[in-house]
Amino acid sequence: MGAVDSALATVERLRRPVVSFGPFTFDPNSQILRRGTDSLTLPPRVLGVLECLLGRAGDLVPRQEIIDGVWKDAFVTDTSLAEAVSFLRQALGDDPQAPTYIQTVHRRGYRFVAPVQTTEAEPLIRRLDAPRRDEAAEPVSPSIGGSLVPWTAAVLCAALAIAAVWQLLMRGEPAAPPVGRFALQLSDKLTFDSHGPAITLSWDGSRAAWSACDGRACQLFLRPLDRLDTSAVAATTGATDPFFSPDGRWLGFFADGKLKKVSLAGGLPVTLADVAEPRGAVWTPDGRIVFGASRAGGLMQISEAGGQAELLTTPDEGQGELRHEWPSITRDGRTLLFSIATTPQNGSPTRLGLAALGRAGASIRWTSPLSGIGIARFGANDLIVFSRGSELEAVAFDPVRLTLSGVPQNVVSSAATAMGRGQFAISGSGSLLYVVPPESSDPDDLLEWVTQAGSTPIPDLAQPSADAVLSSDGRRIAWSASNDPSRADIWVGDLQRGAVTRLTHDGLNVSPAWSPDGRTIYFSRRDSARYGPTSIDADGGQPSALPPLDHHALPASVSPDGSTLAVVQFQVGTRGDIWAMPTRGGGARPLVRSPFDDVEPAFSPAGRLLAYQSDEAGRWDVYVQRLEDNRRVVVSTTGGEHPFWSTDGSRVYYRSGSRLMSATVSADDMRVGTPSIVMDNGNEDVLGVAPDGRFLVRRRTAPASSNAVIVNEWLREVRSLLGPPAASMPR
């Protein structure tokens, strides 16, 4: 027994004392932090930082010393340490501006400033033969049996007592883990992608992924939530809208006009389908990927192994639906949720609402009465969470009846948005991740005239939408906008005087286009069903409907003589097509019709050429077609969108990434010059070019965010707010 006693004594000497501060106790031996009797769940490296600071309480601990002690040989930056301290402060309820526990010493390190007390840790093993101090020593019995029998009985009784207590404890309900909120901060110079939903959680809630940008490009990043280390996902430059496979082994995303997936065990991304204009995706438990792929049309689906994408849903034109987007699915895979868009503009808050699709097929569909929805996700099989502006709301949902079973409740008052859609994600385990708006989150958009010599702001004009169009004389702009989700109106702004006029006062009115003389504005109007071309005097008056077409039709450009209106018409099978419609009566005829999206037509000033964008090559490219014989050429070499002409018709301008490009085009021989960079306009929208060569630019200055919040056990908190779910009918 001498060797055993020696080993036990050595173990007891190595056990470190328990540290107490405020209402907290920290046992470094078990790595458990308690507030009173409740244990707080924290990542191991966060506890390592706490232990390091407590070990030198009152002293300044340099940042590098903490990193060396906690992360050891791993290569990390100060950002990982700052994030760990942020986690720790949130768990302790500490204010960094007025610290009770952890003080930041700028550029040097951290100091634990609260008083601490230490107590010896409970011994691992209590000696059964240790005599009590108040007992007198008894004579040693020479009988071995007389000594062993009592002690054996005592040991057996103790074992039985421990077993009984263990059984009683196991029968009791385990304490529910606490709801915890933790900060997630990106490293320096990185911000969350603001062009679409940038964040996602794995189904089991163990990992988060996001798209972050550094001003030049965006890339995917991955982080296990029980660690502080973040890693970049290789070969994902330009990636947007990430989503996990149900087993957490793959990450899906969109990039380069493609739907892709990448194994998180390593390897290069695999391309699954062409998607020029992605609008969200979800990976289903039965091995499909459902995604939105067009500015007009239904959801598509494809096998996770690849193959041919198939149409899953079809918008109801009779109800004014333009497209389906941003799908979400219940954990059991039985119910699909998606948003319905009723306006063509990106980032418009106008929505018809939500739809849920039962697993039996597309014929079983429910549409919610909610409006103004930006994006929605299942929080559980019987709970929907959606964004409306910068707020997140939750509402109970009956997955059997496919209907809401309660009143929406606000659950997050301020979340960042991307193009009008909330930046949030929910795991199947009930965790919430959302992006926090930056301190200065109000957009400060500016209109400017830009030339090679510099820029000139245009003050005193209400800010238009990104879809504003410039009149041919460069004096006025027209756009569609509204703060009411049930309507949108056409507005006109005078760039010289700053005066603004609203031309329409009811219904949904979108997609304005100027006549060449600037006297008339053509737009699309929807009163109850599909959008139809309409005209109105640019100085005000009564709208006049043009002959209706068979499908949604959105005006885009007017021929130089004012006789022909180029409209984009959407229908199943051919998606977006370009049609020529007489402005003074007559039948419409197709100009560009293909199985792909052909949109944003623009007549040249001479009327011989038509520029437009198409996704037939798997990405957006700009094409020019000669109208007299339909001969066409591709203009862009690195992708292109939003084409418009120079006033003399010799050049076509378009956007490629963050750059405004131009290329010469000859109508006689259809020769196209090499595209050149006009400006690298970054976070700006070029609305058109004036006759004197000035570009009208809408500069978007709203800052992006680099902070997010993770809420563990959030679902339990929401259920307590909503109350018990409604009873479901039997299947």
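Would you explain the overall build of the protein in this entry?
In terms of helices and strands, the protein carries six helices and 60 strands. Split into buried and exposed, the 731 residues of the protein put 48% on the buried side. Here the analysis covers contacts within the protein between residues at least 6 apart in sequence; of these, 45% occur between residues at least 24 apart. On the protein, roughly 34,600 Å² of surface is accessible, and the fraction owed to carbon and sulfur atoms is 51%.

Looking at this structure, how should I read the side chain of arginine 89?
If you trace the backbone, arginine 89 turns up in helix α4 (residues 78–92). Nearest to the buried, unbridged arginine 89 among oppositely charged side chains is aspartate 94, at 4.4 Å. The contacts of arginine 89, once residues within four sequence positions are left out, are Asp94, Pro96, Ile102, Gln103, Thr104 and Tyr110.

What exactly am I supposed to notice about the environment of glutamine 103 here?
Positionally, glutamine 103 belongs in strand β6 (residues 102–105). Sequence separation between glutamine 103 and alanine 114 is eleven residues; the distance between their C-alpha atoms is 9.6 Å. In this view, glutamine 103 contacts Arg89, Gly109, Tyr110, Arg111 and Val113; residues no more than four positions away in its chain are not counted.

Could you clarify how one ought to interpret the nonpolar core in this entry?
Grouped burial of nonpolar side chains is what soluble globular proteins tend to show. Among the nonpolar cores identified, the biggest contains 31 residues, and Phe21, Leu33, Val49, Ile102 and Phe112 are the most heavily contacted of them. The contact partners of phenylalanine 21, leaving out residues within four places of it in the chain, are Leu33, Leu50, Leu54, Leu92, Tyr101, Phe112, Pro115 and Val116.

Can you help me understand the sheet that holds strand β22 (residues 310–311) in this one?
The strands making up a sheet associate through hydrogen bonds between their backbones, and the pairing can be parallel or antiparallel. Spatially, β19-β20-β21-β22 is the arrangement adopted by the four strands of the open sheet, whose pairing is antiparallel. Two strands bound the open sheet, and with one partner strand each, they are β19 (281–283) and β22. Two strands pair when backbone bridges link them, and β19 and strand β20 (residues 288–292) are joined in this way by three bridges, in the antiparallel orientation. Its bridge partner being in β20, valine 282 is matched across the sheet by valine 290.

Help me understand the pattern of salt bridges in this model?
Two side chains carrying opposite charge are able to pair once their charged atoms lie near each other. Here the structure, examined in full by the defined rule, presents 35 salt bridges. Aspartate 332 is the partner of arginine 334 in a salt bridge, and the nearest nitrogen-oxygen pair spans 4.0 Å. Exposure remark for arginine 334: the relative accessible area of 39% places this residue in the partly exposed category. For aspartate 692, the salt bridge identified is with arginine 694, shortest N-O distance 2.8 Å.

It is not clear to me how the layout of surface pockets should be interpreted in this structure. Could you clarify?
Regions of empty space are outlined by a rolling probe, equal in size to a water molecule, passed over the atoms. Approximately 680 Å³ is the volume found for the second largest pocket. Along the walls of the second largest pocket sit 32 residues, with Ala293, Ser294, Met300, Arg575 and Pro595 positioned nearest its centre. At three residues, the largest contribution of residues to the lining of the second largest pocket is made by strand β18 (residues 270–274). Taken together, the residues that form the lining of the second largest pocket break down as 16 nonpolar, ten polar and six charged.

Just checking my understanding: could you explain the confidence of the model for the protein for this structure?
Across the protein, the average pLDDT comes to 84, with 83% of residues at or above 70. Contacts for the low-pLDDT stretch residues 125–149, under 50 throughout, to residues beyond four places or in other chains number eight contacts. Note that pLDDT drops below 50 for residues 726–731; the model gives that stretch eleven contacts with residues more than four away or on any other chain.

When you look at unusual backbone geometry in this model, what are you seeing that I'm missing?
Residues apart from glycine generally show negative phi values, whereas peptide bonds are mostly found in trans. Even without being glycine, aspartate 241 reaches a positive phi, approximately 50 degrees. Following the sequence through the fold, aspartate 241 ends up in strand β15 (residues 240–244). Positive phi is not limited to glycine here, since leucine 402 has a value of about 55 degrees. On the basis of relative accessible area, leucine 402 is assigned to the buried category, the value being 7%.

Can you walk me through the packing of aromatic side chains in this structure?
The geometry of an aromatic ring pair is captured by two quantities: the separation of the ring centres and the angle between the planes. Taken as a whole, this structure holds twelve aromatic pairs when the rule is applied. When the centroid spacing of 5.5 Å and the interplanar angle of 25 degrees are considered together, the rings of phenylalanine 21 and phenylalanine 24 count as stacked. Aromatic pair phenylalanine 21 and tyrosine 101: ring centres 5.6 Å apart, planes at 70 degrees, arrangement edge-to-face. One end of the pair, phenylalanine 21, is in strand β1 (residues 18–21); the other, tyrosine 101, is in the loop between α4 and β6, and 80 residues separate them in sequence. For the pair shown, phenylalanine 21 and tyrosine 101 are each scored as buried. Chaining the aromatic ring pairs together yields one cluster made of Phe21, Phe24, Tyr101 and Phe112. Across from the ring centre of tyrosine 531, 5.9 Å away, lies the NZ or CZ of arginine 526, which sits over that ring. Arginine 694 extends its terminal NZ or CZ atom over the ring of tryptophan 449, reaching a point 4.1 Å from the ring centre.

Whenever I open this one, the pairing of strand β44 (residues 532–537) confuses me. Can you help?
Moving residue by residue along a regular strand, the side chains alternate between the two faces of the sheet. By the criterion of burial, β44 is predominantly enclosed, with five of the six residues buried. Sheet topology places strand β43 (residues 520–526) next to β44; six bridges connect them, and they run antiparallel. Its bridge partner being in β44, phenylalanine 523 is matched across the sheet by threonine 534. Counting the residues that bridge the hairpin from β44 to strand β45 (residues 544–545) gives six residues, and of these glycine 540 lies at a positive phi of roughly 115 degrees.

What is the right way to look at the sheet that holds strand β38 (residues 469–470) in this model?
The strand order across the open sheet built from four strands is β38-β39-β40-β41, with neighbouring strands paired in antiparallel fashion. The sheet terminates laterally at β38 and β41 (500–502), the two strands that pair on one side only. In this sheet, β41 lies alongside strand β40 (residues 489–494) in antiparallel orientation, the contact comprising three bridges. Bridge pairing links glycine 493 to valine 500 in β41.

I keep staring at the side chain of lysine 261 and nothing clicks. Help me out?
You can see lysine 261 is positioned in strand β17 (residues 258–263). Summary of buried charges: lysine 261 has no salt-bridge partner, and the nearest side chain of opposite charge, glutamate 304, is 6.4 Å away. Polar contacts involving the side chain of lysine 261 include one to the main-chain carbonyl oxygen of glutamate 304, which spans 2.7 Å. Leave out the neighbours within four places in its chain, and lysine 261 touches Trp250, Leu251, Gly252, Phe253, Pro269, Val270, Leu272, Trp283, Glu304 and Ala305.

Criteria and thresholds
Residues numbered from 1 in each chain as written. Predicted model: local features only at pLDDT ≥ 70, side-chain atom pairs only at ≥ 80, totals over all residues. Heavy atoms only, no water. Helix = DSSP H or I, 4+ residues; strand = E, 2+ residues; numbered from the N terminus. Buried < 20%, exposed > 50% of the residue type's maximum accessible area, 1.4 Å probe, protein only. Contact = heavy atoms within 4.5 Å. Areas by Shrake-Rupley, 256 points an atom, 1.4 Å probe, with all protein chains shown as cover. Lys, Arg positive; Asp, Glu negative; His and termini not counted. Salt bridge = Lys/Arg side-chain N within 4 Å of Asp/Glu carboxyl O. Core = buried A, V, L, I, M, F, W, Y, C linked by side-chain atoms within 4.5 Å. Pairing = 2+ DSSP bridges. 1 Å grid on protein atoms, 1.4 Å probe; cavity = no way out; pocket = protein on both sides within 12 Å on 5 of 7 lines; lining within 4 Å. Points joined across faces, edges and corners; volume = space filled by probe spheres on them. Nonpolar A, V, L, I, M, F, W, Y, C, P; charged D, E, K, R; others polar. pLDDT = per-residue confidence, 0-100. Phe/Tyr/Trp six-rings, centres within 6.5 Å; stacked < 30°, edge-to-face > 60°. Lys NZ or Arg CZ within 6 Å of the ring centre and 35° of its normal. Polar contact = N/O pair within 3.5 Å; in protein donor to acceptor, adjacent residues only side chain to side chain.

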